[in-house]
Number of protein chains: 2
Amino acid sequence: MFAITILGNNSATPTELRNPTAQVLQWQDESYLIDCGEGTQKQMVLYKIKRSKISRVFISHLHGDHYFGLIGLITSLGLQGRIQPLYIHAPAALEAIIQLQLEVANVQLPYPLHFCPLQHEGPIVEDNKIMVSAFKVRHRIECWGFLFRQKKHPRKILPEAARLHHIPAAFYEKLQQGLDYTAKDGVVVANAAVTTEAPVAKSYAYCADTIFDESLAQKVKGVSLLYHEATYLHDLADKAASRYHSTTVQAATIARLAGVDRLIIGHFSAKYDELDAFLEEAMAVFKPTELALEGVCYLT
Amino acid sequence: MFAITILGNNSATPTELRNPTAQVLQWQDESYLIDCGEGTQKQMVLYKIKRSKISRVFISHLHGDHYFGLIGLITSLGLQGRIQPLYIHAPAALEAIIQLQLEVANVQLPYPLHFCPLQHEGPIVEDNKIMVSAFKVRHRIECWGFLFRQKKHPRKILPEAARLHHIPAAFYEKLQQGLDYTAKDGVVVANAAVTTEAPVAKSYAYCADTIFDESLAQKVKGVSLLYHEATYLHDLADKAASRYHSTTVQAATIARLAGVDRLIIGHFSAKYDELDAFLEEAMAVFKPTELALEGVCYLT
């Protein structure tokens with residue numbers, strides 16, 4: 001399961017009630033931070049997200065509303081006495097900005113800070129539980145989306161059934177992989193007789209600031225949860241295009257084309273006080289849509 | 001009159017209820033921002049401080065809790081379509097940090113941004129109404145205090161009395177300066193007979209992060225309002241000294257030595273939830289002390 005908590009759902013400038021973009025993705029004992037607008041560390045305090053648990057930060061692009069809160073978080077983690085490493089996956093130019101700010105303050109972080117510049121589309125983090133890939137999205141400056149995909153779980157062995165069929169433990173790993181068992185006497189035990197389906201591997205795709213771009217649907221095809229920006233209502237489609245942003249209808253169209261299970265929309269322009277129309281417009285195109293609301297945790 | 005609104009009163013890291021250092025000084029139609037910790041622009045929205053009115057920003061030093069909010073404010077002002085210039089008085093190294101962040105985002109500000117590096121103690125802004133001076137304070141890195149001093153108002157002419165004594169209008173400016181009038185027949189009209197005292201010129205001194213340093217008292221002597229940091233209660237005087245910070249008692253001692261009218265203390269360590277003890281300890285040494293509370297406007 002992935003749990004995504006929205007810390008900021010606004011575009012460009014903060015308003016009294018909404019903050020610039022930041023999200024936390026938690027699963028098992030890991031926490032990843034996705035974008036980090038100004039004020040993110042305070043939002044983490046407010047919504048009881050343990051700052052110390054964050055192991056990796058993913059920054060989509062270097063417009064301030066997506067990263068101005070990062071230097072504050074990095075220095076606060078130092079003041080907290082963190083010792084475990086922090087990995088920053090971001091456009092390459094971010095490293096110099098952070099280093100310069102640490103330097104002028106004469107700050108020696110007590111933990112290793114690893115910059116992992118985004119360079120090519122494809123996997124950027126992989127272990128036996130998860131794979132994170134980066135993909136390009138079309139915005140005014142270099143901008144990346146991120147796809148978080150759980151590794152497929154092995155099938156679950158039914159121990160009593162397996163014993164009944166005298167399957168040796170040495171074959172259990174192959175059972176988990178879905179293979180049938182053939183006994184010495186040639187009798188075949190169908191895999192389905194001794195295992196059950198594993199829970200579906202979940203996937204979350206994060207599409208930060210982007211113009212409407214149908215080719216994106218291919219990159220996020222079939223994910224269980226998609227976040228796609230929707231800066232404007234659809235009557236401002238021209239304005240959205242001129243600023244390399246998307247509308248409600250466009251975000252929902254990508255979700256429909258990609259055949260995702262659910263959609264969250266966010267990055268709302270500061271000009272809107274009420275968000276109800278965002279939900280209505282998007283749901284008319286793609287029903288399983290929700291608004292990205294600050295403090296709310298979306299599970300998949 | 002000066003009106004100082006506290007936007008952040010915390011040190012180092014923000015807490016759920018307190019923000020890093022920022023203050024706005026308003027007088028007549030001018031607004032100055034003094035320090036600009038992360039989240040300052042949001043605090044300005046919350047407390048109805050018009051961001052567009054800020055003409056100058058004064059940054060005491062380059063620890064993040066005093067300037068991480070500046071780049072967000074600068075870019076938001078651009079998005080608001082500001083055209084009037086903004087002056088930044090700050091340690092020289094800040095310019096490269098800001099320029100680099102504007103550059104990677106490909107931002108062209110629609111208004112002129114003037115960097116005025118702090119280099120020597122003494123006046124940094126002066127017109128016919130105000131003089132702002134910078135002075136050095138002792139902290140772990142280069143750090144500056146600021147002294148805002150209204151120009152002495154001219155004496156106020158009593159028009160009826162002046163006419164009664166047949167004083168020509170050409171002499172009125174000299175009356176305002178306090179001179180007596182000598183008529184052609186040698187009769188002297190005492191200035192006090194035709195003018196009244198001007199209101200007292202107010203002054204505000206801002207002492208950002210500093211170790212306890214008695215020489216500071218001379219620099220802020222007799223101001224009508226002094227802000228002095230008090231990061232810790234006095235039982236942590238050793239810790240304060242080791243980190244180049246001050247305690248309640250030390251801040252109040254500077255106020256007493258300097259003979260100021262009133263003192264505000266702030267920059268409270270995030271470790272304290274309750275602030276009552278700060279006020280008690282400081283008032284025991286210097287009675288006219290107040291806590292710097294967010295959203296509160298202090299007048300002098």
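Before any of the text, the structure's been laid out above.
Calculation notes
- Residues numbered from 1 in each chain as written.
- Chains lettered and ligands numbered in written order.
- Predicted model: local features only at pLDDT ≥ 70, side-chain atom pairs only at ≥ 80, totals over all residues.
- Heavy atoms only, no water.
- Helix = DSSP H or I, 4+ residues; strand = E, 2+ residues; numbered from the N terminus.
- Buried < 20%, exposed > 50% of the residue type's maximum accessible area, 1.4 Å probe, protein only.
- Contact = heavy atoms within 4.5 Å.
- Lys, Arg positive; Asp, Glu negative; His and termini not counted.
- Charge placed at Lys NZ, Arg CZ, Asp CG, Glu CD.
- Pairing = 2+ DSSP bridges.
- Axes fitted to C-alpha atoms, helices over the stretch in contact; angles between N-to-C directions.
- Core = buried A, V, L, I, M, F, W, Y, C linked by side-chain atoms within 4.5 Å.
- Salt bridge = Lys/Arg side-chain N within 4 Å of Asp/Glu carboxyl O.
- Buried area = accessible area lost by both parts, 1.4 Å probe.
- Nonpolar A, V, L, I, M, F, W, Y, C, P; charged D, E, K, R; others polar.

(A) A look at the overall build of chain A. A count of helical and extended segments in chain A gives 10 helices and 18 strands. By principal-axis analysis of the C-alpha atoms, chain A measures approximately 70 × 50 × 35 Å. Looking at chain A as a whole, 56% of its 300 residues qualify as buried. Taking all contacts inside chain A whose residues are at least 6 apart in sequence as the whole, residues at least 24 apart take part in 64%. Charge-centre separation for chain A: the mean point of 29 positive side chains lies 6 Å from the mean point of 31 negative side chains.

(B) Structural view of the sheet that holds strand β3 (residues 30–36) of chain A. Residue and element names in this part refer to chain A. Pairing in this open sheet of 7 strands is mixed, and the strands run β6-β5-β4-β3-β2-β1-β18 from one edge to the other. The sheet is open, and its two edges are formed by β6 (113–117) and β18 (297–299), each paired on a single side. Strand-to-strand twist of the sheet, defined as the mean angle between neighbouring strand axes without regard to direction, takes the value 20°. Summarising the sheet, strand β4 (residues 54–58) and strand β5 (residues 86–90) pair through 3 bridges and their orientation is parallel. What sits directly across from R56, in β5, is Y87. Packed onto the sheet, helix α2 (residues 70–79) meets β3, β4, β5 and β6 and runs at close to 170° relative to β5. Its contacts with the sheet put helix α3 (residues 94–104) on β5 and β6, and the angle it makes with β6 is roughly 155°.

(C) Region of interest: the nonpolar core. Core analysis: the largest hydrophobic core is formed by 60 residues, its most contacted members being A:I88, A:L94, A:L113, B:I88 and B:L94. Once you skip the residues sitting within four places of it in the chain, B:I88 turns out to touch B:V57, B:L70, B:I74, B:L94, B:L113, B:H114, B:F115 and B:C116. Counting 56 residues, the second largest nonpolar core, distinct from the first, contains A:V125, A:F135, A:L226 and A:L275.

(D) Fine view of the pattern of salt bridges. All names here are of chain A. The tally for this structure, following the rule as stated, stands at 12 salt bridges over all chains. Among the salt bridges present, the one from R155 reaches E197, with a minimum N-O distance of 3.5 Å. Here R155 is found in the loop between β9 (143–150) and β10 (156–157), whereas its partner E197 is found in the loop between β13 (195–196) and β14 (203–207), with 42 residues between them in sequence. Judged by its relative accessible area of 54%, E197 is exposed. In this structure, E290 and R262 form a salt bridge, with 2.9 Å as the shortest nitrogen-oxygen distance. Of this pair, E290 sits in strand β17 (residues 289–291) while R262 sits in strand β16 (residues 262–266), and the two are 28 residues apart along the sequence. Under the relative-accessibility criterion, E290 is labelled partly exposed at 30%.

(E) Inspection of the interface of chain A and chain B at higher detail. Chain A puts 37 residues into the contact, and the matching count from chain B is 37 residues. Taken over both partners, the interface formed by chain A and chain B buries close to 2800 Å², and the fraction arising from carbon and sulfur atoms is 63%. Looking at the side of chain A facing chain B, the largest losses of area belong to A:E16, A:K42 and A:F68, adding up to 23% of the total buried there. Linking chain A with chain B are 2 salt bridges, by the criterion used here. Two residues, B:K48 and A:E16, come together in a salt bridge whose shortest N-O distance is 3.2 Å. Secondary structure elements with two or more residues in the side of chain A that touches chain B: α1 (40–46), α2 and α3 of chain A. Along the lines of polarity and charge, the residues of the side of chain A that touches chain B split into 17 nonpolar, 14 polar and 6 charged.

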